[in-house]
Amino acid sequence: MLEVKGLKKYFKTPHGMLHAVDDVSFSIKRGTTLGIVGESGCGKSTTGRAILRLIEPTAGEVLFEGTDIRKLSTAELRRLRCEMQIIFQDPFSSIDPRQTIAQTIEEPMKLQGIIRDKRERMARVLELAEMVGIAERLMNAYPHELDGGRRQRVGIARALALNPRFIVCDEPVSALDISIQAQILNLLSDLQERLDLTYIFITHDLSVVNHFSDDIAVMYLGRLVEKAPAEELFTNPLHPYTRALLSAIPIPSLHNRRERIILKGEITSPIEPEKACRFAGRCWCADDRCRTEEPSLTDLGNGHFVSCFQAN
Amino acid sequence: MQNKKRYRGQSQVYQIWYRFRHNKSAMLGLVIISLLILIAVFADVLFSYDGIAIKQNIMERLQAPSAAHPMGTDDYGRDILARVVHGSRISLGIGFGGVAIALFGGTIIGAIAGFYGGKVDMVVMRVTDIFMAIPNILMAMIIVAVAGTSAVTIAISLGIAAIPTFTRVARGAVLTVREMEYIESARAIGAKNSTIISKHILPNCFAPLLVQTTLSMAIIILSVSGLSYLGMGIKAPIPEWGSMLSASRAYLQGNSYMAIFPGLAIMLTILALNLLGDGLRDASDPKLK
């Protein structure tokens, strides 16, 4: 359904080009979820936004059902927004404080002119509110009157208003309480089943992504380092970074301690990176080749891709 | 128990009015402003313009307030009450007109500069800086000197002179709001730039612009008197609060009422405007419900 080829986003900084997203490629099948994980600043949110052209990508192709999104005109892109939506990380800043809940949910339909009759549109707003679990009495409330979980439900309702088929979830639960997180995650997976949605699920929480995703992509400093089906990635991680990342998941048990891999060294600067593996500076199995040559994503079969010389 | 109130849309204006009504000082401001506007509209009914407001009567000059002249008379024997009443037309007219021009122009220019950023912002703000380096009154004088002195040209020139201030305020407010995530979310649902500016950015810049509006209106009303004093304002016999005030300068010691009443009128107007502005700002902010 969605295919990303060689996506790049560089930002200009006073010290040179910052390679936020560098040559990222992947594809997603209809009705599945791709989880993108990685530490802060690795470019996962930038990837999500570049796919929707909320940020203009520097290079690469984003094919949504065959059409290259980067070649669309502004008007065509606006129409395509009905198909592709985004749920933001922070429900406290992603909703306009001066609009009521009803206005917020109604706005996309009004802008895209999907339902022109006001009464019908209001009925649809209520239907959406019910779908995501917002009480009708809150329709006239303002965002600041709601808690984080309810606001995030409003954000979800707004994204669903246009009947999209594809949604980028940009860390939709990381700003929420742990108990609310579960509610929102359940809601998202219920909706996926009911509406046949395709998700990109961006997060830094590995246990969340494990429950939620069909495929998982691991990013490090703008690069896609490993991509595999969720189960495969958790049982057979090949990239050293993925292994270190997985070893950091806490186990809720007193007796079972996992041996953690503690990374040493500094994160390489993403500004004008040298031609080398970006993880080499912190990797315990890096050799000379890793420091002079950049590995590319190679297919190991069974949908497992990895970008490391040591893994092959 | 069964309190089943179906949801129905409430208009934004109704909600603002609902909150505004419960704010006593804001309502006081609204009442005063409404009264002043009524007085300005019905000035001719209250006092004849030719017969009283500009009719000189040397026999009655410099009289203290009395039953015949509740606010006394000025150095030409004109009734000050009648002049204050007629003066409200000019002062309020120039104040509202000037500030409307400044608010409209400054907000649009500032919003565009702040929203698009980059080179547009650079050019607009440097030009604004140049204009800000010229004192408002001088700027107004230049325009008046070219276009002539009438209430309309004075309103326009003072309005234009105040545009840079509004540009700065608007741009600053837009810069902070522009970075909010809800702007990005508006873009994600397919909003055009014009929709984003008018529906999301400007409503969230309302507070600083409103405060600037009430302040600027006071400054504009005062600037009119400054212009009159410099001989570039409202022409002599026409009653105007500022020029009445500056005419009273020579008589302050013995006949201070000549300054007090027009001064009070200016003060009352500005006080009421400030109360109204603060009330509107609070009423329009949903967080202060």
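Computed from a predicted structure; not experimentally measured. (Residues numbered from 1 in each chain as written. Chains lettered and ligands numbered in written order. Predicted model: local features only at pLDDT ≥ 70, side-chain atom pairs only at ≥ 80, totals over all residues. Heavy atoms only, no water.)

**Focus on the state of the cysteines**
Residue and element names in this part refer to chain A. With the rule as written, the count across this model stands at 0 disulfides over all chains. Here Cys-277 is not disulfide-linked; the sulfur of Cys-290 is the nearest cysteine sulfur, at 5.8 Å. Here Cys-277 falls in the buried class, since its relative accessible area comes to 14%. (Disulfide = S-S within 2.5 Å. Buried < 20%, exposed > 50% of the residue type's maximum accessible area, 1.4 Å probe, protein only.)

**What to know about the nonpolar core**
Most often, soluble globular proteins have nonpolar side chains that are buried together. With 62 residues, the main nonpolar core has Ile-94, Ile-154, Leu-158 and Ile-201 of chain B as its most contacted residues. It is helix H5 (residues 80-116) of chain B that contributes the most residues to this core, 12 residues altogether. The contact partners of Ile-201 of chain B, leaving out residues within four places of it in the chain, are Phe-115, Val-174, Val-177, Arg-178, Ile-183 and Ile-196 of chain B. Among the nonpolar cores identified, the runner-up in size contains 39 residues, and Ile-115, Val-125, Met-139 and Ile-184 of chain A belong to it. (Core = buried A, V, L, I, M, F, W, Y, C linked by side-chain atoms within 4.5 Å. Helix = DSSP H or I, 4+ residues; strand = E, 2+ residues; numbered from the N terminus. Contact = heavy atoms within 4.5 Å.)

**Description of the sheet that holds strand E5 (residues 67-68) of chain A**
All names here are of chain A. One open sheet holds the 4 strands; their spatial order is E2-E1-E4-E5, and the pairing between them is antiparallel. Single-partner strands in this sheet number two, and they are strand E2 (16-28) and E5. Strands in contact with helix H1 (residues 44-51) are strand E1 (2-13), E2 and strand E4 (59-64); relative to E1, the strand with the most contacts, it is inclined by about 115°. (Pairing = 2+ DSSP bridges. Axes fitted to C-alpha atoms, helices over the stretch in contact; angles between N-to-C directions.)

**Quick word on the interface of chain A and chain B**
Many descriptions give the size of an interface as the accessible area lost when the pieces come together. Facing 34 residues of chain A, the contacting portion of chain B comprises 30 residues. Together chain A and chain B conceal approximately 3,000 Å² of surface at their shared face, both sides included; 51% is due to carbon and sulfur atoms. Inspection of the chain A/chain B interface yields 2 salt bridges. A salt bridge links Glu-181 of chain B to Arg-49 of chain A, with the nearest nitrogen and oxygen atoms 3.4 Å apart. Where chain A meets chain B, there are 14 residue pairs in polar contact (both at pLDDT 80 or more). For the side of chain A that touches chain B, the secondary structure elements donating two or more residues are strand E6 (84-87), helix H3 (101-112) and helix H4 (118-132) of chain A. Sort the elements by how many residues they give to the side of chain A that touches chain B and H3 of chain A lands first, with 6 residues. Of the residues contributing to the side of chain A that touches chain B, the split by class is 14 nonpolar, 10 polar and 10 charged. (Buried area = accessible area lost by both parts, 1.4 Å probe. Salt bridge = Lys/Arg side-chain N within 4 Å of Asp/Glu carboxyl O. Polar contact = N/O pair within 3.5 Å; in protein donor to acceptor, adjacent residues only side chain to side chain. Nonpolar A, V, L, I, M, F, W, Y, C, P; charged D, E, K, R; others polar.)

**Points about the packing of aromatic side chains**
Residue and element names in this part refer to chain A. Going through the model one piece at a time under the given rule, you end up with 8 aromatic pairs over all chains. Ring centres of Tyr-220 and Phe-279 lie 5.0 Å apart, and the angle between their planes is 85°; this geometry places the pair in the edge-to-face category. Placement of the pair is Tyr-220 in strand E9 (residues 215-220) and Phe-279 in the loop between helix H9 (240-247) and helix H10 (288-292), with a sequence separation of 59 residues. Classification of Tyr-220 as buried rests on a relative accessible area of 0%. Ring pairing ties together the aromatic residues Tyr-199, Phe-201 and Phe-212, which thus form one cluster. (Phe/Tyr/Trp six-rings, centres within 6.5 Å; stacked < 30°, edge-to-face > 60°.)

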